[in-house]
Structures are given as C-alpha cells and as structure tokens.
Amino acid sequence: MNGADQFYIFLICAAFGIFSGIIYDVFYCATLPFKRSWVKIVGDVAFSLVFIGLYFFVSLMFSFPAFRLYMFLGCLLGFYLYLKSFHKIVAFSAAKVYNKICSTKRDKKVCRERCKNPIPSERKIRKRRESQ
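This report concerns the structure included in the present document.

Conventions and cut-offs
Residues numbered from 1 in each chain as written. Predicted model: local features only at pLDDT ≥ 70, side-chain atom pairs only at ≥ 80, totals over all residues. Heavy atoms only, no water. Axes fitted to C-alpha atoms, helices over the stretch in contact; angles between N-to-C directions. Helix = DSSP H or I, 4+ residues; strand = E, 2+ residues; numbered from the N terminus. Parallel < 35°, antiparallel > 145°, perpendicular 65-115°, else oblique. Left-handed = near helix turned anticlockwise from the far one by under 90°. Nonpolar A, V, L, I, M, F, W, Y, C, P; charged D, E, K, R; others polar. Core = buried A, V, L, I, M, F, W, Y, C linked by side-chain atoms within 4.5 Å. Buried < 20%, exposed > 50% of the residue type's maximum accessible area, 1.4 Å probe, protein only. Contact = heavy atoms within 4.5 Å. Phe/Tyr/Trp six-rings, centres within 6.5 Å; stacked < 30°, edge-to-face > 60°. Expected span 1.5 Å × (residues − 1).

### Section: the packing of helix α1 (residues 3-31) against helix α3 (residues 69-84)
One way to put it is that α1 packs onto α3 with a least axis distance of 6 Å and a crossing angle of 40°. In terms of their interaxial angle, α1 and α3 are classed as oblique. Crossing handedness for the pair α1 and α3: right-handed. Class assignment of the residues belonging to the contact of α1 with α3 gives a composition of 16 nonpolar, six polar and one charged.

Here's what the structure looks like:
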C-alpha cells in the first residue's frame, strides 16, 4: 500500500468521524431530557457499540487493511472537527427546545394552580359574572 492509498483511507476515516459525530448528536438529544446519570452512561455505551459496529462495516465495505494508527487518528480528527463546529449548533438548539418545553409545562402547571385558587380580584370578577 502506497502513501496515496493511505491518505485516501485517512480521509475516509475522517469523514466517518464526522458521520459518527452526527450519530453522537442523536444519542445526545435522546438522553438530554433525562436527569439520571445512568441513562447518559447507557447512551454513551450504546453510542460506542454503534460506532464500533459501523466502523467494522465501513472497513469491510472499503476493504481497509489491518487496523492502523492513522485510521484511528482520522476517526478522532473527524469527530473532533464535528464537535468543534456543528455540535455546538445542535447542542444550542436542543437546549432551546428543551427549555421551551419545560417552560411550557411549568406555565400550564401555574395556570392550573391559579384556576384552583384564584387571586382575590379574580374571585370578585367571577362573582359579578355569576350574578349577572
């Protein structure tokens, strides 16, 4: 295997690292609503298993030679580039959506409590409406 082949394999591994970053974001968004650390650990283990399985699939599909250090570094470089670029956008967007959902749930809870125990001015308004 010459240097050009190794360079192309390195680029394929870097592209696979970027693709694995996208898969990481799927697992990240799936575990975001859970506050328990064991759910996040299970998500990380599941991501690792999916990553390993997909790496073996890609290595068989492209007929990679035996595992080499530059292949591993290519995957790490691609994953790092993804985390430093697009992941920030996804994490920010996921946090915004999560916070919006939580605030909506909190507002509904406050509305329900207020309807059960209205403030005094609302009681007066209700009595006026009922008497009319």
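### A look at the nonpolar core
Counting nine residues, the largest nonpolar core is built from Ile9, Cys13, Phe16, Tyr55, Val58, Phe64, Tyr70, Met71 and Cys75. Where this core is concerned, the elements lending two or more residues are α1, α2 (37-61) and α3. Leaving out residues up to four positions away in the same chain, Cys13 has contacts with Tyr55, Phe64, Met71, Gly74 and Cys75.

### Brief notes about the packing of aromatic side chains
Under the definition given, this model contains 15 aromatic pairs. With a centroid separation of 6.5 Å and an interplanar angle of 50°, the aromatic rings of Tyr55 and Phe64 are classed as tilted. The buried category is assigned to Phe64, whose relative accessible area is 12%.

### Remarks on α1
Along an α-helix, a turn takes 3.6 residues, which lines up residues three or four apart on a common side. Its 29 residues give α1 an end-to-end C-alpha distance of 41 Å, which sits within 8% of 42 Å, the value for a rise of 1.5 Å per residue. Among the residues of α1, those classed as buried are Ile9, Cys13, Ala14, Phe16, Gly17, Ser20, Gly21, Ile23, Asp25 and Thr31.

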